[in-house]
Amino acid sequence: MNGLWTVEPGSPATLAAPPMADIGDALAWLESVHEALRAGLREHGAVYVRGLPVHSVETFARVRDLLLPQRTPYREKATPRSDFGGGVYSSTDLPAAQAIGMHNENSYTLTFPGLLLFGCLTAPEQGGATPVADCRGVLRGLPAHLVERMRTQGWLLKRAYSDHISTDWRSAFAADSRADVERYCAENLISCAWDEDGNLRTTQLRPGIVRHPGTDEEVWFNHLAFWSQWSLDEELRETLVEEFGHDGLPFDTAFGDGPPLTRDELDTISAAYEAAAVRRAWEAGGLLLVDNVLAAHGRDPFRGDRRIVVAMGAPVELADCRPTVEAAAHAPRPAAEAVASHG
């Protein structure tokens, strides 16, 4: 790469684009370095490209078509996004002061994007980086007892959908009827139930440790910390628990064999993510290409206008990642209970 790669402590591997006149030049150059970008992804999990003339949704979409020709739909939606059409979204529309925890996009679905492409149309005045963490390093940095629980039991996600305190089920599942939701859940190993107010609750068991389908490396791959009740603002969490009870929280997580994740466990996992994280301040025209299996990503709080767009592609089947636990719609029953039922 003629010395264009830079790898500095605390920053993602970065490739500086040469001066170019327009998006046509950018596409030709990206085509010429495509294999090097893929090699950088395998080594680092994410790569940042500086200095491209990508300043609109349209020019970003042209880059996406080159780097991510096979698109992945956004399933089981969780956070508010603007849809710009053609598979291009805002990265998130959550408030600027709110940090977004580390996660692998759609880790709770049976098919998820293998690659993510972020593009900066407007850089924020302060903060707002998209940190990435190599999930091989996260796995190595976690205590052995947590790794063993995840390896043998997986993790459990519970969600409550409503029009008032969380994503509504129509938006989350892109569905118009209960029958559509029930059909999707049955096909995707999700248990679902409706309450008397017409709100939806779901449960799904997923593996949290998988192997990359290309490199066969083992990684920490889940939303266990992201969806924990302890990731909520403390005052909001207490209000929701008082009003709706623990079962009515918009989301919560657990290891497959036990009660909800504890605050201490969340802190331990968050610390492992942060120890593995790298970040670079966004610049207009910057791109961040992320291998969604090898690397988790998040968002730092920011000030000022921030326009980051994202596209998802290169779909991966969970079954192709050699999961340590089979996906299921329910938590596994304790062994004693299972024996008793057959006694």
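Right, let's walk through the structure included here. This is a predicted model, so every value here is computed, not measured. (Residues numbered from 1 in each chain as written. Predicted model: local features only at pLDDT ≥ 70, side-chain atom pairs only at ≥ 80, totals over all residues. Heavy atoms only, no water.)

## Re the sheet that holds strand S6 (residues 100-103)
As a general point, the strands of a sheet are linked pairwise by backbone hydrogen bonds and lie either parallel or antiparallel.
Argument step 1. The strand order across the open sheet formed by four strands is S6-S18-S9-S16, and the pairing between neighbours is antiparallel. The open sheet has two free edges, formed respectively by S6 and strand S16 (277-278), since each of these has just one partner strand.
Argument step 2. Where strand S9 (residues 132-134) meets strand S18 (residues 295-299), three bridges bridge the pair, whose relative direction is antiparallel. Looking across to S18, one finds that Asp134 is bridged to Ala295. (Pairing = 2+ DSSP bridges. Helix = DSSP H or I, 4+ residues; strand = E, 2+ residues; numbered from the N terminus.)

## Overview of the pattern of salt bridges
Argument step 1. Counted according to the given criterion, the structure contains 14 salt bridges.
Argument step 2. With a shortest N-O distance of 2.6 Å, Arg151 and Glu218 are connected by a salt bridge. Placement of the pair is Arg151 in helix H5 (residues 144-153) and Glu218 in strand S14 (residues 218-220), with a sequence separation of 67 residues.
Argument step 3. Its salt-bridge partner being Arg263, residue Glu234 comes within 3.1 Å of it at the nearest N-O pair. Taken together, the residues span a long stretch of sequence, with Glu234 in helix H8 (residues 234-244) and Arg263 in helix H9 (residues 263-276) at a distance of 29 residues. (Salt bridge = Lys/Arg side-chain N within 4 Å of Asp/Glu carboxyl O.)

## Section: the pairing of strand S20 (residues 307-317)
Argument step 1. Pairing geometry for strand S5 (residues 88-90) and S20, over two bridges, is antiparallel. When the bridges of S20 are listed, Tyr89 appears paired with Val310.

## Observations concerning the environment of Thr6
Argument step 1. Along the chain, Thr6 falls in strand S1 (residues 5-6).
Argument step 2. For the pair formed by Thr6 and Tyr48, sequence separation is 42 residues and the distance between their alpha carbons is 9.8 Å.
Argument step 3. Here Thr6 is in contact with Pro12, Ala13 and Thr14, once residues within four sequence places are set aside. (Contact = heavy atoms within 4.5 Å.)

## Topic: the packing of aromatic side chains
Aromatic ring pairs are described here by two measures, namely the spacing of the ring centres and the angle between the planes.
Argument step 1. Scanning the entire structure with this criterion turns up nine aromatic pairs.
Argument step 2. Between the aromatic rings of Phe112 and Phe221, the centroid separation amounts to 4.8 Å while the plane-to-plane angle is 45°, which identifies the pairing as tilted. One end of the pair, Phe112, is in strand S7 (residues 111-122); the other, Phe221, is in the loop between S14 and H8, and 109 residues separate them in sequence.
Argument step 3. Ring centres 5.5 Å apart and planes at 65° place the aromatic pair Phe173 and Tyr184 in the edge-to-face group. Of this pair, Phe173 sits in helix H6 (residues 169-173) while Tyr184 sits in helix H7 (residues 178-187), and the two are 11 residues apart along the sequence.
Argument step 4. Taking relative accessible area as the criterion, Phe173 reaches 11% and is therefore assigned buried.
Argument step 5. Aromatic ring contacts, followed pair by pair, group Tyr108, Phe226, Trp227 and Phe251 into a single cluster.
Argument step 6. Above the face of the Tyr48 ring, Arg280 is positioned so that its terminal group lies 5.7 Å from the ring centre.
Argument step 7. The ring of Phe302 is capped by Arg306, whose NZ or CZ atom sits 5.4 Å from the centre of that ring. (Phe/Tyr/Trp six-rings, centres within 6.5 Å; stacked < 30°, edge-to-face > 60°. Buried < 20%, exposed > 50% of the residue type's maximum accessible area, 1.4 Å probe, protein only. Lys NZ or Arg CZ within 6 Å of the ring centre and 35° of its normal.)

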